[in-house]
Amino acid sequence: MDEPGEIGRRVQRMRVERGLTQKQLAHPSYTSAYVSTLESGKVRPSETALRFLAARLGTSYEELATGRPAHLATELRLALTDAQRTLATGAAEEAAAHYRRLLAEAEELGLVPEQAQASLGLGECALEAGELPDAIGHFEEAERLLADEPLTRRARPVRGRAVAHLLAGELRYACYLLESAIDELGASGLADPDSLVLLHAAVIGPYMDMGAHARAAHSAELALALAPQVSDPALVAGMHRQVARTFLAEGRMADADASLAKAQAIYAHLQLSTDLAHCHWMRGYVLAQNGELGSAERELRTARDMLSARRAGLYTAQVEVELADVLRRLGRQEEATGLLAALLELGNSHGAVHAGGAHRLLGLMAEERGETESAEEHYVQALALLERSGARGDLADLCRLLGDLLRRTGRVEAAMDAYRTGLGHRAAPGTTTLGPAPAAAFRPARVSGSRWAADRAE
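None of these values were measured; they are calculated from a predicted model. (Residues numbered from 1 in each chain as written. Predicted model: local features only at pLDDT ≥ 70, side-chain atom pairs only at ≥ 80, totals over all residues. Heavy atoms only, no water.)

## A short note on the packing of helix α10 (residues 151-167) against helix α12 (residues 193-209)
- Contact geometry for α10 and α12: axes closest at 9 Å, N-to-C directions at 15°. By the criterion of interaxial angle, the relationship of α10 to α12 is roughly parallel. Relative to α12, the crossing made by α10 is left-handed. Residues T152, A155, R156, R159 and L166 of α10 form the contact with α12, whose participating residues are S195, L198, L199, A202, P206 and D209.
- When its residues are assigned to classes, the contact of α10 with α12 shows 6 nonpolar, 2 polar and 3 charged. (Axes fitted to C-alpha atoms, helices over the stretch in contact; angles between N-to-C directions. Helix = DSSP H or I, 4+ residues; strand = E, 2+ residues; numbered from the N terminus. Parallel < 35°, antiparallel > 145°, perpendicular 65-115°, else oblique. Left-handed = near helix turned anticlockwise from the far one by under 90°. Contact = heavy atoms within 4.5 Å. Nonpolar A, V, L, I, M, F, W, Y, C, P; charged D, E, K, R; others polar.)

Written out as structure tokens, the structure is:
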């Protein structure tokens, strides 16, 4: 709301333009003396008074309070919806350009909710492009702008920030953000189904990577129970996509595939191409775990091509870890090595979990070629990355592989050290970057390490 003097001059100008006296404008709720005092800027009108005067003047409360025509805010909100559609069905780069322009307009007009929405959109664009620090900054700005709003309004930027930290390999902090938001919703009595499903679905991923399968299953159960109350179909699809991971951990392949099929159908109907690509990615993983390598390769290549076309470099690199594993199992090591080398060239921008997975696969292939020293080097690098991220399942499997390698090369004490470390992380053999495999999963070739014991002793 503007200063009293500006509001008063605006009321007077509009009254004169409409040929009304102060008494006519004030009738029947106020006096002409009140209107006179208001027009002279000597009193700050209440919202109730301004809404009454706006109705008498045939204008909007917003325009009377701020001088900003109501249609500008409406047009801006429509433009933000268009930008969101562009992000969903087009390139993130194009959507980001729209959001930046709309953010500038919202700031000029002083529209805080629209500024928050534009910042949220920029965060989603940066997330898809793999620009994680930028994404975190945009989500934090959206949260700041919505600081006085209830958590139900802040759930999406909180979820976005958590996903960005997850992709950066900061699993524990991602869990902390999501768990804190869920607890706050419960403590405040804001049992909003949309917000709860959004947050519970998002926390399944880091739980699985950390080996907290019971917590992941609990969140999955809660999300499934709340799904019928959710109005946003894309939110329901996202929930099904994440819940499939808990089914995989329990060896329920058919249920996992059914959940992915539901998500895929919704995404296809809504034309949400990035999310649809993630479904192809996950279905490729399911097929690979079931030994259907040819079909798995087709699904993973479809996912990679869709993500690459969207210039989603981070997700493209991550799906290539799974594709490389399939190619390795098909005996196409050179092709697999090329994919992994390209991934590692991205540096730390793609997160420790997938970088660790890439080094693990390179170690497996080196060991299959009889290059023990090279295999060990890759395992050591994978261990360092996964220990930093807290990916317990991947760590347990890697320690088992490393222990086997050390034992076969005669370093029994170092092997025992590796096994003990792995027992501390307790996960089934076959763990991959997408979560633990079911009991019938393929058994990966042996792999792993030598300077490892010395490195850990330092």
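Picking up after the structure, the text goes on.
## With respect to helix α9 (residues 132-145)
- Taking 1.5 Å of rise per residue, 14 residues should cover 20 Å, and α9 covers 20 Å from first to last C-alpha, within 8% of that figure.
- Every buried residue of α9 is accounted for by L132, A135, I136, F139, A142, E143 and L145.
- Looking at the packing, one finds that the buried side of α9 touches α8 (112-129), α10 and α18 (313-329). (Expected span 1.5 Å × (residues − 1). Buried < 20%, exposed > 50% of the residue type's maximum accessible area, 1.4 Å probe, protein only.)

## Let's talk about the confidence of the model for the protein chain
- Looking at the protein chain, the pLDDT average stands at 83 and 90% of residues meet or exceed 70.
- At the low end of the mean pLDDT range in the protein chain sits helix α24 (residues 452-457), at 37; at the high end sits α9, at 95.
- Taken together, the stretch residues 427-458 has pLDDT below 50 and engages in 110 contacts with residues farther than four places along the chain or on a different chain. (pLDDT = per-residue confidence, 0-100.)

## Brief notes about the pattern of salt bridges
- Applying the stated criterion to the full structure yields 35 salt bridges.
- Of the charged contacts in the structure, one is a salt bridge between R283 and D257, with a shortest N-O distance of 3.0 Å. With a gap of 26 residues between them, R283 in helix α16 (residues 273-289) and D257 in helix α15 (residues 253-270) connect regions that are remote in the sequence.
- The class for D257 is partly exposed, based on a relative accessible area of 29%. (Salt bridge = Lys/Arg side-chain N within 4 Å of Asp/Glu carboxyl O.)

## Section: the packing of aromatic side chains
- As enumerated under the stated definition, the model contains 3 aromatic pairs in all.
- Centre to centre, the rings of Y173 and Y176 are 5.9 Å apart; their planes meet at 20°, and the pair counts as stacked. Of the two residues, Y173 and Y176 are both situated in helix α11 (residues 171-188); the distance of 3 residues between them amounts to about one turn of the helix.
- In this structure, R51 packs its charged tip against the face of Y61, placed 4.1 Å from the ring centre. (Phe/Tyr/Trp six-rings, centres within 6.5 Å; stacked < 30°, edge-to-face > 60°. Lys NZ or Arg CZ within 6 Å of the ring centre and 35° of its normal.)

## Overview of the side chain of Q115
- Within the fold, Q115 resides in helix α8.
- Relative accessible area serves as the criterion here: at 11%, Q115 is assigned to the buried category.
- Apart from residues lying up to four places away in sequence, Q115 is in contact with L103, A106, E107, G110 and L145.

## Details of the side chain of R328
- Along the chain, R328 falls in helix α18.
- For R328, a relative accessible area of 7% corresponds to the buried category.
- A distance of 2.7 Å separates the side chain of R328 from the side chain of E368, its partner in a polar contact. (Polar contact = N/O pair within 3.5 Å; in protein donor to acceptor, adjacent residues only side chain to side chain.)

## Observations concerning unusual backbone geometry
- Cis rather than trans, the peptide bond between H27 and P28 has omega equal to 5°.
- Tracing the backbone shows P28 in the loop between α2 (22-26) and α3 (32-39).

## A closer look at the nonpolar core
- Core analysis: the biggest nonpolar cluster contains 100 residues, and L127, L167, M239, L248, Y315, L340 and Y379 have the highest contact counts within it.
- For this core, the element with the most residues is α12, which contributes 10 residues.
- With residues up to four places along the chain from it excluded, the contact list for L340 reads V321, A324, A358, L361, L362 and M365.
- Residues A73, A92, A95 and L103 belong to the second largest nonpolar core, which totals 16 residues. (Core = buried A, V, L, I, M, F, W, Y, C linked by side-chain atoms within 4.5 Å.)

## Side note on helix α4 (residues 47-57)
- Turning to α4, its buried residues number three or more, namely A49, L50, F52, L53, A54 and L57.
- Summarising the contacts, the buried residues of α4 are in contact with α1 (4-17), α2, α3 and α5 (61-66).
- Just past α4, the residue G58 takes up positive phi, approximately 70°.

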